[in-house]
Amino acid sequence: MLSCLTRPRIGRVTASIVRTHTKRSFSIKSFSSNSKIYIATAGLITTPGLWWLTATKDDVPLLESSSAEHLAPKLGPSKEDVTRILSKEAYSFQVRNISGITRYDGTQLASNSPCEDRFIHGKLSSPWNENDQWMSWAVFDGHSGWQTADLLTKHLLPFVRRRLAEIKPLSNEPVPNESVQRAIMKGFVDLDDSIAKTAQETSTSKESFQDKIKKLAPAYAGSCALLSLYDPTTSTLHVACTGDSRAVLGQKGSDGKWEAIPLSIDQTGSNEEEITRISKEHPGEENIAKDGRVLGLMVSRAFGDILWKWPVEFQKEMKRKFSVPPPLTPRYDVRTPPYLTAEPVVTSTKIDSNKPSFLILATDGLWDYLSNKQGVDLVGNWLEQGTGETKSELEPTESQFDFGRFWKDVNWKFVEERTTTQDDNAAVHLTRNSLGGNHHEMISGRLAFDPPFSRRVRDDITVQVVFFNIEK
């Protein structure tokens, strides 16, 4: 019979019980005589609004009162804090079974939140013989978001390797570097085309609106890419650059000095070769490259950045449908997109087994402060001096340090007098010295800023250092 009760009847029975017990005075005797009936009926109470009848625990959070001592601001990074911050994302790997490579180090220091840089590193099978192992390192400098750079970590290497696998090597002869370079270039372009095509198809798909928004992000964000591939069979290092991340080879000469050999050149609106190339592709259009930028963008080659690639009318339609960023017009004179390409410039370099060498790969956050030669000298000194040795810390001057002094008597870029050698990781060593070295106020001041304000004084920094024929 109880099972036949409907919800409204349960509600009325419950209400009756509540009213009955509120009218009676409480006594042990009355509770004992009616307890079985009350408990049995209480089991029927299923209305969510009456949960409080049986609640016994107070889960309301307690708000502590404030005191004056809690208002004291957090202090800036100490020397120990600086080391902890710089080393937080550091890594180092010994390489045992790839001829010519002994070790590589890396680190990342975020400025944006989340960090817009990404990176990869590790082994991969040769595209022509699965029993042979290659190695790869890459850094991806995202802008207008992290989504494009993140996509590159998952897909760029597979796209490149697929194109490399299409090459049919002649027996007992190495694949020509030109063939490798063309394959890498095709892999880059294939992926960027796929990003644009996926976004276009997504706009008309039957997917949910929120899924479409997510899938459009890698096209509207952008990223530079710097990919290196090392073939130990031929001791050849291939480096592909799209954007302004930079690769530099440090090589020790017979005179004991380290030579800086650029393996990439920044592709920006300040690069005369890039300006000439773009002007030829868009004859009659003036001011495409102006003030070191391409229609407002610093780099002249990049993945994603669909605002510089899609027709304006289609962009307007996408803006109406998805509230994505609007076209570059009317601020810029956009006539014949695309203005950007993801096609990389590829170099191939033979690593001399008789010469100690190392490769520095880094996003522009590092090269904002260091020249190629300074970066190579820093790693060279790090190898020869060992860690724990440092020039004396700069003493504070009579006038307190502030960033305004950058424009008066303090160089905001690296200077040799601020060099310090105290890190076991070569990438951390480069990062520390690029931001101030042994000038504690300068480097801790740069690290004291949290996002988004940190972007005013430093960019995301991602660094990898690979050692060839060097034991460390």
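Residues numbered from 1 in each chain as written. Predicted model: local features only at pLDDT ≥ 70, side-chain atom pairs only at ≥ 80, totals over all residues. Heavy atoms only, no water.

Caption draft 1: Quick peek at the confidence of the model for the protein. In the predicted model, the protein carries a mean pLDDT of 88, and the fraction of residues at 70 or more is 84%. This model gives residues 1–45 a pLDDT under 50, and the stretch forms 16 contacts once residues within four places in sequence are excluded. (pLDDT = per-residue confidence, 0-100. Contact = heavy atoms within 4.5 Å.)

Caption draft 2: Quick peek at the state of the cysteines. For the structure on display, the rule yields zero disulfides. Cysteine Cys241 shares no disulfide, and the gap to the nearest cysteine sulfur, in Cys224, comes to 7.5 Å. Overall, the relative accessible area of 1% leaves Cys241 in the buried class. (Disulfide = S-S within 2.5 Å. Buried < 20%, exposed > 50% of the residue type's maximum accessible area, 1.4 Å probe, protein only.)

Caption draft 3: Looking closely at the sheet that holds strand S9 (residues 258–262). The strand order across the open sheet formed by six strands is S1-S2-S15-S14-S8-S9, and the pairing between neighbours is antiparallel. Strand pairing shows two members of the sheet lacking a second neighbour, strand S1 (91–94) and S9, which therefore form its edges. Across the sheet, the mean angle from the axis of one strand to that of its neighbour is 15 degrees, orientation sign disregarded. Here strand S8 (residues 246–252) pairs with S9 via five bridges, running antiparallel. What sits directly across from Lys252, in S9, is Trp258. Strands strand S2 (101–109), S8, S9, strand S14 (357–362) and strand S15 (461–468) of the sheet are contacted by helix H10 (residues 372–385), whose axis makes an angle of about 140 degrees with S9. (Pairing = 2+ DSSP bridges. Helix = DSSP H or I, 4+ residues; strand = E, 2+ residues; numbered from the N terminus. Axes fitted to C-alpha atoms, helices over the stretch in contact; angles between N-to-C directions.)

Caption draft 4: Main features of the pattern of salt bridges. Inspection of every chain in the model, using the stated rule, returns 20 salt bridges. The residue Lys316 makes a salt bridge to Glu313 at a minimum N-O spacing of 3.5 Å. Note that Lys316 and Glu313 are positioned in helix H8 (residues 312–322) at a spacing of three residues, about one turn of the helix. Given a relative accessible area of 35%, Lys316 falls into the partly exposed group. Residue Glu313 is classed as exposed on the basis of its relative accessible area, which comes to 57%. One salt bridge in this structure joins Asp459 and Arg455, with 3.5 Å as the shortest N-O distance. Look at the salt bridges and you will find they share partners, linking Glu274, Arg277, Glu281 and Arg301 into a network. (Salt bridge = Lys/Arg side-chain N within 4 Å of Asp/Glu carboxyl O.)

Caption draft 5: Highlighting the nonpolar core. Residues Leu156, Leu164, Ile184, Phe188, Tyr220 and Phe303 are the most contacted members of the largest nonpolar core, which totals 54 residues. Secondary-structure elements contributing two or more residues to this core are strand S3 (117–125), strand S4 (133–143), helix H4 (147–165), helix H5 (177–203), helix H6 (209–220), strand S6 (225–231) and H8. If we skip the residues at most four places from it in the chain, Leu164 touches Pro127, Trp128, Trp134, Val180, Ala183, Ile184 and Leu229. Val82, Val248, Leu430 and Ile461 belong to the second-largest nonpolar core, a separate cluster that totals 30 residues. (Core = buried A, V, L, I, M, F, W, Y, C linked by side-chain atoms within 4.5 Å.)

Caption draft 6: Up close: unusual backbone geometry. Cis peptide bonds are those with omega within 30 degrees of zero, and the linkage from Pro337 to Pro338 qualifies with 10 degrees. Within the element layout of this structure, Pro338 appears in the loop between H8 and strand S13 (345–350). Residue Pro452 follows Pro451 across a cis peptide bond; omega there is 5 degrees. Assignment of secondary structure puts Pro452 in the loop between helix H12 (440–448) and S15. Of note, the phi angle at Ser144 is positive, near 60 degrees, even though the residue is not glycine. Within the chain, Asn287 stands out as a residue other than glycine whose phi angle is a positive 65 degrees. The residue Asn287 is located in the loop between helix H7 (272–281) and strand S10 (289–290) in this model. Relative accessible area serves as the criterion here: at 51%, Asn287 is assigned to the exposed category.

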